[in-house]
Protein chains: 4
Amino acid sequence: MKYVFGAAPPVARLKPGNILDANSLDCFGNALQKPGDSFSLVKGDNPLTGPFYIEGAEPGDTLVVHLLDLQVDGKQGVGTFSPGFGAINATHYTPMLEKEALPEKIWFYPIDHAERTATFQALDSSYKVKIPLHRFLGCIGVAPANGEARSSIVPAEFGGNMDAPEASAGNTLHLPVNVAGALFYFGDGHAAMGDGEIAGSAIEVPMKVRLQFDLVKGRHTGWPRFENEKEIMAAGIYRPVDDAVRIAFTELVGWIHADYGLSELDAYELLSKVGKIHLTEMVDPNYVVVASVEKKYLPPKK
Amino acid sequence: MKYVFGAAPPVARLKPGNILDANSLDCFGNALQKPGDSFSLVKGDNPLTGPFYIEGAEPGDTLVVHLLDLQVDGKQGVGTFSPGFGAINATHYTPMLEKEALPEKIWFYPIDHAERTATFQALDSSYKVKIPLHRFLGCIGVAPANGEARSSIVPAEFGGNMDAPEASAGNTLHLPVNVAGALFYFGDGHAAMGDGEIAGSAIEVPMKVRLQFDLVKGRHTGWPRFENEKEIMAAGIYRPVDDAVRIAFTELVGWIHADYGLSELDAYELLSKVGKIHLTEMVDPNYVVVASVEKKYLPPKK
Amino acid sequence: MKYVFGAAPPVARLKPGNILDANSLDCFGNALQKPGDSFSLVKGDNPLTGPFYIEGAEPGDTLVVHLLDLQVDGKQGVGTFSPGFGAINATHYTPMLEKEALPEKIWFYPIDHAERTATFQALDSSYKVKIPLHRFLGCIGVAPANGEARSSIVPAEFGGNMDAPEASAGNTLHLPVNVAGALFYFGDGHAAMGDGEIAGSAIEVPMKVRLQFDLVKGRHTGWPRFENEKEIMAAGIYRPVDDAVRIAFTELVGWIHADYGLSELDAYELLSKVGKIHLTEMVDPNYVVVASVEKKYLPPKK
Amino acid sequence: MKYVFGAAPPVARLKPGNILDANSLDCFGNALQKPGDSFSLVKGDNPLTGPFYIEGAEPGDTLVVHLLDLQVDGKQGVGTFSPGFGAINATHYTPMLEKEALPEKIWFYPIDHAERTATFQALDSSYKVKIPLHRFLGCIGVAPANGEARSSIVPAEFGGNMDAPEASAGNTLHLPVNVAGALFYFGDGHAAMGDGEIAGSAIEVPMKVRLQFDLVKGRHTGWPRFENEKEIMAAGIYRPVDDAVRIAFTELVGWIHADYGLSELDAYELLSKVGKIHLTEMVDPNYVVVASVEKKYLPPKK
């Protein structure tokens, strides 16, 4: 199992246009299966499937990933609270002195494939409620630039652990190619997730995925971008959230200016009226914001 | 005109249950009316209507504001870019050395009341596009605690310039009462706004409003809260956005625990799966996040 | 007692050049005197002495405060830890879920005026150690601009609770005049303090002060500035610390450019080699950074 | 040349107690030598010397690096301003729309070894001033944990580009060992630097260094720590500065508690009175704070 986005021998090679059918373990390597299981069973977080070598991909190109289909591989998902990880508790990077920390907890979510729901079951009461599935990949990315290798816990310019619900079937993801073959990885399937992933986990599931790859030769992508028929979506990834927002919107203004022809100030003004901000997660080492706009508000593409 | 939330002689007194019909100027005091007008005409930002004294309101109570109806008062709105204000340019509180700053700009938005749209008209091209109206009050709040008086540019615990689209017809707002009579103010009507209000303005309009007031005696509200039939929504207001998110979600966890009976950890976990984050603005001196959850995911209210 | 920087009837009027001898209570209103005393005795934090009306001061001028002499008024100081306040624990503006918060604590510091030391006495052991005195005013400022009134807990453009050790005898402080007479306040004497005031208090003491006032007519000061024979020092006050640093250094670059004639880029480069950063406190609602440079590195003043 | 901290074949092997004499290029690979040279000559930033394999070092140990001697290797240093890098201009991670960015600039600093000074020479005037040398290593660190490889621009738990003047002769640095042999690297010599390294560079120089290594077997170091006869110093490395401060002080409180026996709350209080904060740089992808206390304020080491 791989736990790092970086240069490694590819597990398979694909050509642009090829379709990949593959699967991934859940973020705990499928180690948590039943009440009583504990984190000590987990060998590493976010095991990755890959890397896949995309023929012809060279640094400076853009890798295009069409997310064709994502299916939960199994009958339950898992959610966890782990001390030191989360948006409103003391963490590794926002440490606090405290008399006593919150304890480790695990929730299991039965999944009903027919009605496409997962069921939340409270630990401290008998309360249950159904949650509609929204399946996506928490981890999706390529080998980083400059010879770096990054933990599968980290999102950054190369994608990675973006925990973005935008990485779902029907959307297309653009990623920078930093090394020959791009070296594409994925993992960390999610059956559903709230904004911010605030307690530190989604409904974590193994996943069966169908993806198709393309290349845009000679076009560099600075930060990950999503697109579908209705929207263009630019990711900004850093800390604090303020900087993630700044990255996402300077990218989106630049995108609109370059591809749709509005001046930068007109694009800035228009986004101030119709732009959307999605804070996908505020728990990983970097935070992720997706800024988007509906295409119906933009001029025809140049 | 008043430009400060604070203790001042009331313009009128209302009893709980009373309905208030009143209007407000736009955030520029209606000074910008046609191409060629400039910021030098503006006497102050965010002129406020009020304060209104609510009979029986005492410190420690909660003021309940039902937003019954909001109508744009006029045929156009205005949007502006003002150097030193905005989410992705150098500002008063995030200053930067630069060779040359972006210039001041003003956009006018014709409003069609029948079809409920405003029209964006690009300054640097002939592009136009219609935007559906979503009418709300940018400024809504009460006199602050501890003898403070705060500029109508600032949002904080007392509400104020939250620029929250949640302050729209059909929603109810809960605010802390800090002084006798609460001293309620409103202003800064918006016809529509993107998340983050990133270039520094919404579609700014004069507004006609119908509000109804209630009191919850002896119940303190720490930060503003919105509610409607479908959702509960807690505001967090500070800088950086990270802290606004922390405030909003600790409030929401506490609200669910107190009123709906889930344990704090169960509430935290559930929100990690179905919670929503709305970054309403990232341009005012404090930033505003509204964290929310649909009631259908919660147990019956206690 | 006053707990707000704002417009209020002056307690005295002084002319430029006049010397003021006055005293202040400690930040707890002298309420904590002996082991066993608790926070319930405290009527308000940071009681202020003032306001003093400076004849001739008008908005747009700069008030010059020469700190001539500061003496601890009494034989002991006090330090406290208060849940919800501090740099490395959950706070009002950086809230965290926790199983159990740290408890309230009070330390008393005997002061030896002859040897100019205060003695730290551990609560959980018999350890004691002497700390050299460095006496300064935690609160020093004027009425804010735009009709605001701000809590004496808050530092901002008008000065206020800067907790800056630079507010000590021998230094001069420049503050913006926002209202007629400036309306000067002070309080919150400190006998000594570590950088960041991280646990939320200094060695808190009543103070006897001797100050002299001057005016620079028609010269606006954006943010507080300190100066002595050897250094120029610009304060930046906001959150996160990053923005406080940005404010302080853009101010310092501008100061060097305007008064000492270096180009902005030469000043920026020189500060990158010899500039100093002092994070005075990271516990109040806004954080305070003082950026400074020794005059020996600057060209002759223009 | 290596530009990454990570697992790589060692250039040499040393035993604990061994002394290493080696040298490093400046941060531009010595490419900028005279007026007229430009950044296009630079092949990569922060070339590293190493890695050195320390015999017996295993994950979970602490590597001890005694900085015995550092000498500037040459007769000049260089300082630069590069658009997109710096504390008070738009950057890669804090991007801003601007009409026109500041231009690239290079300053050369003649070094006088006898009087131990470097001379700042303004570009836009004839002003010159001498700056005392304080020689240190900007980059010093080991291979990261979890199979990561990190750019030599980045500081993190493994040390790296901390730009800490504490990495100077007479000080000892403790680093976590993450891989067999630790794999120690250094580079990026600085002849002098201001706090924050605000314009993005120090006085950049090639360096001759003499280092001695030791191991503390079985003792893990979470974040880099410095020590000398007079002080203990804990580094905190992240963004925003607030979090770097939180990391540094929770480390320092823990250090004092573990090695000097004060309770955590007594240590917190004592640091609030005598602790020091050094913001070494606010320009790299992560920011670095060193929190310190003089040993004279601590009980005898346990």
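Scroll up for the structure.
Let us look at the structure shown here. These numbers were taken from a predicted model, which means no experiment stands behind them. (Residues numbered from 1 in each chain as written. Chains lettered and ligands numbered in written order. Predicted model: local features only at pLDDT ≥ 70, side-chain atom pairs only at ≥ 80, totals over all residues. Heavy atoms only, no water.)

## Regarding the overall build of chain A
From N to C terminus, chain A includes two helices and 21 strands. For 302 residues, the compact-globule estimate of 2.2 N^0.38 gives 19 Å, and the C-alpha radius of gyration of chain A, at 19 Å, lies within 12% of that figure. Across the 302 residues that make up chain A, the buried fraction comes to 66%. If you sum the accessible surface of chain A, you get close to 9,900 Å²; carbon and sulfur atoms cover 50% of it. Separation of charge centres in chain A, based on 27 positive and 37 negative side chains, amounts to 4 Å. (Helix = DSSP H or I, 4+ residues; strand = E, 2+ residues; numbered from the N terminus. Rg over C-alpha atoms; globule rule 2.2 N^0.38 Å. Buried < 20%, exposed > 50% of the residue type's maximum accessible area, 1.4 Å probe, protein only. Areas by Shrake-Rupley, 256 points an atom, 1.4 Å probe, with all protein chains shown as cover. Lys, Arg positive; Asp, Glu negative; His and termini not counted. Charge placed at Lys NZ, Arg CZ, Asp CG, Glu CD.)

## Some details on the interface of chain D and chain C
In this assembly, 64 residues from chain D lie in contact with 64 residues from chain C. Counting the surface lost from both chain D and chain C, the interface buries some 5,000 Å², and carbon and sulfur atoms represent 65% of this. Counting across the chain D and chain C interface gives zero salt bridges. Counting only elements with at least two residues in the side of chain D that touches chain C, the list comes to strand E6 (76–81), strand E7 (105–112), strand E9 (128–132), helix H1 (241–260), helix H2 (264–274) and strand E20 (276–281) of chain D. Sort the elements by how many residues they give to the side of chain D that touches chain C and H2 of chain D lands first, with nine residues. For the side of chain D that touches chain C, the class distribution of residues is 38 nonpolar, 14 polar and 12 charged. (Contact = heavy atoms within 4.5 Å. Buried area = accessible area lost by both parts, 1.4 Å probe. Salt bridge = Lys/Arg side-chain N within 4 Å of Asp/Glu carboxyl O. Nonpolar A, V, L, I, M, F, W, Y, C, P; charged D, E, K, R; others polar.)

## Quick word on the relation of the copies chain D and chain C
Note on the identical chains: chain D maps onto chain C by a rotation of 180 degrees and an axial translation of 0.0 Å, with an RMSD of 0.0 Å. Given the turn and translation reported, the copies of this chain are related as if by a two-fold rotation axis. Minimal C-alpha distance to the rotation axis in chain D is attained by Val241 of chain D, lying at 2.9 Å. (Least-squares fit on C-alpha atoms with pLDDT ≥ 70 in both.)

## Let's talk about the interface of chain B and chain A
Chain B puts 64 residues into the contact, and the matching count from chain A is 64 residues. Connecting chain B to chain A are 42 residue pairs in polar contact (both at pLDDT 80 or more). In terms of residue count, helix H2 (residues 264–274) of chain B provides more of the side of chain B that touches chain A than any other element does, nine residues in total. Looking at the side of chain B that touches chain A residue by residue, the class counts come to 38 nonpolar, 14 polar and 12 charged. (Polar contact = N/O pair within 3.5 Å; in protein donor to acceptor, adjacent residues only side chain to side chain.)

## Concerning helix H2 (residues 264–274) of chain A
Counting buried residues in H2 of chain A gives 10 out of 11 residues, a clear majority hidden from the surface. For H2 of chain A, every residue scored as buried is listed here: Leu265, Asp266, Ala267, Tyr268, Glu269, Leu270, Leu271, Ser272, Lys273 and Val274 of chain A.

## Description of the packing of aromatic side chains
All told, the structure shown has 40 aromatic pairs over all chains when counted by the stated rule. Relative to Tyr93 of chain C, the ring of Trp223 of chain B has its centre 6.1 Å away and its plane inclined at 75 degrees; by these criteria the two rings are edge-to-face. With Trp223 of chain B in the loop between strand E17 (207–216) and strand E18 (225–227) and Tyr93 of chain C in the loop between strand E6 (76–81) and strand E7 (105–112), the pair connects residues from two separate chains. With respect to class, Trp223 of chain B is no different from Tyr93 of chain C; both count as buried. Three or more aromatic residues joined by ring pairs form one cluster here, namely Phe52, Phe184, Phe186 and Phe213 of chain A. Lying over the aromatic face of Tyr53 of chain A, Arg13 of chain A brings its terminal NZ or CZ to 4.0 Å of the ring centre. (Phe/Tyr/Trp six-rings, centres within 6.5 Å; stacked < 30°, edge-to-face > 60°. Lys NZ or Arg CZ within 6 Å of the ring centre and 35° of its normal.)

## With respect to the sheet that holds strand E9 (residues 128–132) of chain C
Spatially, E6-E7-E8-E9 (chain C) is the arrangement adopted by the four strands of the open sheet, whose pairing is antiparallel. Looking at the sheet topology across the chains shown, the edges are occupied by E6 and E9 of chain C. Across the sheet, the mean angle from the axis of one strand to that of its neighbour is 30 degrees, orientation sign disregarded. Pairing analysis gives six bridges linking E6 of chain C to E7 of chain C, with the strands arranged antiparallel. Across the sheet, residue Gly79 of chain C finds its bridge partner in E7 of chain C, namely Trp107 of chain C. H2 of chain D contacts E6, E7, strand E8 (117–121) and E9 of chain C of the sheet and is inclined by roughly 45 degrees relative to E7 of chain C. (Pairing = 2+ DSSP bridges. Axes fitted to C-alpha atoms, helices over the stretch in contact; angles between N-to-C directions.)

## Side note on the sheet that holds strand E17 (residues 225–227) of chain C
Sheet strands associate in pairs through backbone hydrogen bonding, adopting either a parallel or an antiparallel arrangement. Residues and elements named next belong to chain C. Read from one edge to the other, the open sheet built from eight strands follows the order E3-E16-E5-E14-E17-E18-E20-E19, with strand pairing classed as antiparallel. Bordering the open sheet on either side are strand E3 (19–24) and strand E19 (276–281), each of which pairs with just one other strand. On average, adjacent strands in this sheet sit at an angle of 25 degrees to one another, irrespective of strand direction. Pairing between E3 and strand E16 (residues 207–216): six bridges, direction antiparallel. Among the inter-strand pairings, Leu20 is bridged to a residue of E16, identified as Leu211.

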